[in-house]
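Letter by letter, the chains look like this.
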Amino acid sequence: MSFRPIRALLAAIVIFLFAAPAFAQNPYVVADVQTGAVLDHNRAFKRWYAASVTKIMTARLAFKAIRSGELSMKSPVRMTARAAKEPPSKMGYKVGTVLTMENALKIMLVKSANDVAMAVGEAVAGSEMEFVAAMNEEARAIGMTDTIYANPNGLPGGTQYTTARDQAILAVRTRRDFPDYAGFFDLEAIDTGGHVIPNYNILLGRFAGADGMKTGYVCASGFNLAASATRDGRTVVAIVLGAPSQNERADLAADLLARGFATDPAGKPTLWTLEPYGDNRMQVANIRNDICTQAAQKARYDGRDFDGKLVYRSSYLHPMNRAPVAVAVGTGGATGPAAANTLVADVPVPTPRPDDAPQVALTTPAQDQDQEEITSQLRGTPAPGIPVPTPRPSI
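About the thresholds
- Residues numbered from 1 in each chain as written.
- Predicted model: local features only at pLDDT ≥ 70, side-chain atom pairs only at ≥ 80, totals over all residues.
- Heavy atoms only, no water.
- Pairing = 2+ DSSP bridges.
- Helix = DSSP H or I, 4+ residues; strand = E, 2+ residues; numbered from the N terminus.
- Axes fitted to C-alpha atoms, helices over the stretch in contact; angles between N-to-C directions.
- Contact = heavy atoms within 4.5 Å.
- Disulfide = S-S within 2.5 Å.
- Buried < 20%, exposed > 50% of the residue type's maximum accessible area, 1.4 Å probe, protein only.
- Expected span 1.5 Å × (residues − 1).
- Phe/Tyr/Trp six-rings, centres within 6.5 Å; stacked < 30°, edge-to-face > 60°.

**A closer look at the sheet that holds strand E7 (residues 210–218)**
Right, so step 1: Strand order across the open sheet formed by five strands is E2-E1-E9-E8-E7, with antiparallel pairing between neighbours. Bordering the open sheet on either side are strand E2 (38–42) and E7, each of which pairs with just one other strand. Direction aside, neighbouring strands of the sheet carry axes that sit 5° apart on average.
Right, so step 2: Taken together, the four bridges between strand E1 (residues 28–32) and E2 define a ladder with antiparallel strand orientation. Counted as the bridge partner of alanine 31 is valine 38 from E2.
Right, so step 3: Those strands touched by helix H7 (residues 164–177) are E1, E7, strand E8 (222–231) and strand E9 (234–243), and its axis lies near 150° from that of E9.

**Regarding the state of the cysteines**
Right, so step 1: Taken as a whole, this structure holds one disulfide when the rule is applied.
Right, so step 2: Between the sulfur of cysteine 219 and that of cysteine 292 lies a disulfide, 2.0 Å long from S to S. Here cysteine 219 and cysteine 292 share a disulfide; its torsion about the S-S bond, -85°, makes the bridge left-handed. Pair noted here: cysteine 219 is in the loop between E7 and E8 and cysteine 292 is in the loop between helix H9 (288–291) and helix H10 (294–299), with a separation of 73 residues, a long-range link.
Right, so step 3: Residue classification places cysteine 292 among the buried positions, given a relative accessible area of 16%.

**Here's the deal with helix H8 (residues 246–261)**
Right, so step 1: The end-to-end C-alpha distance of H8 is 23 Å, a good match for the 22 Å that 16 residues give at a rise of 1.5 Å each.
Right, so step 2: Counting buried residues in H8 gives 15 out of 16 residues, a clear majority hidden from the surface.

**Here we look at the packing of aromatic side chains**
Right, so step 1: Overall, the coordinates contain eight aromatic pairs when judged by the stated rule.
Right, so step 2: An angle of 50° between the planes, with centres 5.7 Å apart, marks the rings of phenylalanine 63 and phenylalanine 178 as tilted. In this pair, phenylalanine 63 is assigned in helix H2 (residues 55–67) and phenylalanine 178 in the loop between H7 and strand E5 (189–191), connecting sequence segments 115 residues apart. For the pair shown, phenylalanine 63 and phenylalanine 178 are each scored as buried.

Shown next, in the form of structure tokens:
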């Protein structure tokens, strides 16, 4: 007797119970990149934690520095003591390790490595403080009126928040302003030398035309996703905040992108003209008790059937029946210019000082144990006011 029909039925029931009710509450925005037209939206102005979607802004500022000629893709990104202390997800490189900017960006956007994101920020601006100031200045410059950044990686700490509408602006402007670097958001996997790390963005290789951009997750935010896809020369982005699992954020994003491609942008409000709405939108949502309690983690459906294969609710997602395409990354090879105030092991250089100046003792912190951003990997699937960065826990 075959149990496969029973398994399929049970899997469908689980998907319905855990996926369907969540979508009505998710903040989301779907936008046309060329026109900025808002094709669909829900709770677009509700303040939310961005988590690692923050790294789109970190990459944007790196692209700006490269385009201006201040840095290049071969510029050094050095692992400082400050960067090495960041909690997982991380690469765990030793203090003093040097990467090229190109490899650092690939690692940051695929692995979502918090230590590398911090090192990128320091390489671009010289220090975390200077980089955070630049992040907030850039946000205002492109029209993100309801976002505060506190660090380059999106980890909890200080006063920081965003909205689905602001993240859509960031995605649209980044795709428009830096088309030559769009490929950084489209990487299916990286190969660190025999170890292949897949992208957390499930849409890549599974949704027709998917080409970016970035995932994010902390307990307080739930599972976030900035997704993009291009078909027949038209690019659409979908921002999903607060999904209960990585599989469900992909399902919703796929449905939203498909709906976006079927929607005519003519006559729609733009991201910059959409009127704010929503009760209690100024209060930052914290869904930690829905995401990271013991009961929630135990009940969470990870999107797999009884044979360990990913099961999709969205009819627009299809299995990747091949290994993800991985690009090689590694350390060393930095031959490009460094920012004038770049840190080396947390000591600014060049820094002229008298001969009798006290020497700075450098210490290497113990490396945090490396772990993935999310425990369920794709196994078997081929405002004004700049906050002061503060120490933050790993959650």
